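# Structural description and commentary
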Amino acid sequence: MRISSKGRYALVSMIYMAQNYDSGKFITVISISEKFGISKIYLEQVFSLLKRGGLVNSVKGSQGGYQLSRSPEQITAYDILYSIESSLFEEAEETVAESSPAIEKTIRSSVFDKLDKSVMNYLSSVALAELVNETARNTNDQSMMYYI
């Protein structure tokens, strides 16, 4: 499965915002851009899609920026990727429907439908809060250095 850079940047941005969720502060696109070395213009496109998906709220002005619209426990990886990667969740195109409807039905029901359902179920089971916790564990793992 290939996730676009927009999808990957959306996940990064949402994890960062979830890490700062309890502060109640608005996070700017510029601060995320500078922290992760991502184009500001590109991030603005990502946040436009996240806002359209109902995952972030925005406030304009000098104290403005973005906040999560719900707690990190209530947002899933599926929610994030669905708002960015619309083509990822589209139904598979027909392959041989006219020449062999039985094979078409077989591959749809036995392969594509099951794959789509598995991906959706897995991504729906991964809460943004879990990604924040996993990031903290990975940060702690990297900070431990052993010298001999």
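Quick summary incoming for the structure in this document. (Residues numbered from 1 in each chain as written. Predicted model: local features only at pLDDT ≥ 70, side-chain atom pairs only at ≥ 80, totals over all residues. Heavy atoms only, no water.)

## Some thoughts on the packing of aromatic side chains
Applying the stated criterion to the full structure yields six aromatic pairs. Relative to tyrosine 82, the ring of tyrosine 78 lies with its centre 5.4 Å away and its plane at 25 degrees, an arrangement referred to as stacked. Within this pair, tyrosine 78 and its partner tyrosine 82 are both found in helix 4 (residues 77–84), separated by four residues, close to a single helical turn. Under the relative-accessibility criterion, tyrosine 82 is labelled partly exposed at 47%. Aromatic side chains tyrosine 78 and phenylalanine 89 sit 5.1 Å apart centroid to centroid with 70 degrees between the ring planes, which places their arrangement in the edge-to-face category. Remark: phenylalanine 89 occurs in the loop between helix 4 and helix 5 (101–125) and tyrosine 78 occurs in helix 4; sequence separation between them is eleven residues. Judged by its relative accessible area of 16%, tyrosine 78 is buried. One aromatic cluster in this structure is built from Tyr78, Tyr82 and Phe89. Taking the ring centre of phenylalanine 36 as reference, the NZ or CZ of lysine 35 above it sits at 5.8 Å. (Phe/Tyr/Trp six-rings, centres within 6.5 Å; stacked < 30°, edge-to-face > 60°. Helix = DSSP H or I, 4+ residues; strand = E, 2+ residues; numbered from the N terminus. Buried < 20%, exposed > 50% of the residue type's maximum accessible area, 1.4 Å probe, protein only. Lys NZ or Arg CZ within 6 Å of the ring centre and 35° of its normal.)

## Describing the nonpolar core
Ranked by internal contacts, the top residues of the largest apolar core, which has 24 residues, are Met14, Met17, Phe47, Leu50, Ile80 and Leu128. When residues of this core are traced back to their parent elements, those giving at least two are helix 1 (5–19), helix 2 (29–36), helix 3 (40–52), strand 2 (65–68), helix 4 and helix 6 (128–143). Ranked by residues supplied to this core, first place goes to helix 1 with six residues. Filtering out sequence-adjacent residues up to four positions away, phenylalanine 47 remains in contact with Ser13, Met17, Val29, Ile32, Val56 and Tyr66. Grouped together as the second largest cluster of nonpolar side chains are seven residues, Ile3, Ala77, Tyr78 and Leu123 included. (Core = buried A, V, L, I, M, F, W, Y, C linked by side-chain atoms within 4.5 Å. Contact = heavy atoms within 4.5 Å.)

## Some remarks on the packing of helix 2 against helix 3
Helix packing for two helices is described by the angle between their axes and how far apart those axes are. For the pair helix 2 and helix 3, the least separation of the axes is 9 Å and the interaxial angle reads 125 degrees. With respect to their mutual orientation, helix 2 and helix 3 come out oblique. Our pair here, helix 2 against helix 3, has a crossing hand that is right-handed. In this structure, helix 2 uses Val29, Ile30, Ile32 and Ser33 to contact helix 3, whose residues at the interface are Lys40, Leu43, Glu44 and Phe47. Tallied by class, the residues present in the contact of helix 2 with helix 3 amount to five nonpolar, one polar and two charged. (Axes fitted to C-alpha atoms, helices over the stretch in contact; angles between N-to-C directions. Parallel < 35°, antiparallel > 145°, perpendicular 65-115°, else oblique. Left-handed = near helix turned anticlockwise from the far one by under 90°. Nonpolar A, V, L, I, M, F, W, Y, C, P; charged D, E, K, R; others polar.)

## So, the packing of helix 1 against helix 4
One way to put it is that helix 1 packs onto helix 4 with a least axis distance of 9 Å and a crossing angle of 140 degrees. With respect to helix 4, the element helix 1 is oriented oblique. Here the hand of the crossing between helix 1 and helix 4 comes out right-handed. Residues Lys6, Gly7, Ala10, Leu11 and Met14 of helix 1 lie in contact with helix 4, whose contacting residues are Ile80, Leu81 and Ile84. The class makeup of the residues in the contact of helix 1 with helix 4 is six nonpolar, one polar and one charged.

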